[in-house]
Amino acid sequence: MKRNALSYLSGISFHRLMALHKVLPWFALFFSAVHTGAMIVRANRQQPWAVTVATNSQYGWSAWVRLSLSLLVALPLLALDSFSQVRSF
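Thresholds applied
Residues numbered from 1 in each chain as written. Predicted model: local features only at pLDDT ≥ 70, side-chain atom pairs only at ≥ 80, totals over all residues. Heavy atoms only, no water. Phe/Tyr/Trp six-rings, centres within 6.5 Å; stacked < 30°, edge-to-face > 60°. Buried < 20%, exposed > 50% of the residue type's maximum accessible area, 1.4 Å probe, protein only. Helix = DSSP H or I, 4+ residues; strand = E, 2+ residues; numbered from the N terminus. Polar contact = N/O pair within 3.5 Å; in protein donor to acceptor, adjacent residues only side chain to side chain. Contact = heavy atoms within 4.5 Å. Expected span 1.5 Å × (residues − 1). Bend = angle between axes of the 7 residues up to and from the residue.

A.B. asks: What's the story with the packing of aromatic side chains in this structure? I'm lost.
C.D. replies: For any pair of aromatic rings, the description consists of the separation of the ring centres together with the inter-plane angle of the planes. Taken as a whole, this structure holds two aromatic pairs when the rule is applied. For the pair phenylalanine 30 and phenylalanine 31, a centre-to-centre distance of 5.1 Å together with 70° between the ring planes defines the contact as edge-to-face. Residue classification places phenylalanine 30 among the partly exposed positions, given a relative accessible area of 48%. Ring-pair connections join several aromatic residues into one group, and the members of that group are Phe27, Phe30 and Phe31.

So, in structure tokens, the structure goes:
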């Protein structure tokens, strides 16, 4: 696997690509949490959550379910997969 098309096309060595592959999930997790927080604050300033849930309860619940599944389950699992102990298990 050290000789792959991505290394040839990008000109980046295999070891540097592996280091990026281990670090980028943590950046994705961090920035998705920051983005989600900013969007929650923005949405709350436009229309308070109590009004949103009272007028359209399905929207409020589906948004929270998607948020919890992606931000609290899927992305942390992907980030934890970057540890060598987890990958060797």
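A.B. asks: What is the right way to look at the side chain of serine 7 in this model?
C.D. replies: As for its placement among the helices and strands, serine 7 is situated in helix α1 (residues 5-10). Judged by relative accessible area, which is 12%, serine 7 ranks as buried. A polar atom in the side chain of serine 7 sits 3.5 Å from the backbone oxygen of isoleucine 12. Apart from residues no more than four positions distant in its own chain, serine 7 is found in contact with Lys2, Ile12, Ser13, Phe14 and Leu17.

A.B. asks: Sorry if this is basic, but what is going on with helix α2 (residues 14-46) here?
C.D. replies: Counting along an α-helix, one turn takes 3.6 residues, and residues three or four places apart therefore face a common direction. Between its terminal C-alpha atoms α2 stretches 47 Å, which fits the 48 Å expected from 33 residues at 1.5 Å a residue. The principal kink in α2, of about 30°, is found at valine 23, preceding the proline proline 25 by one to four residues. Taken residue by residue, α2 has Leu17, Leu29, Ser32 and Thr36 as its buried positions.

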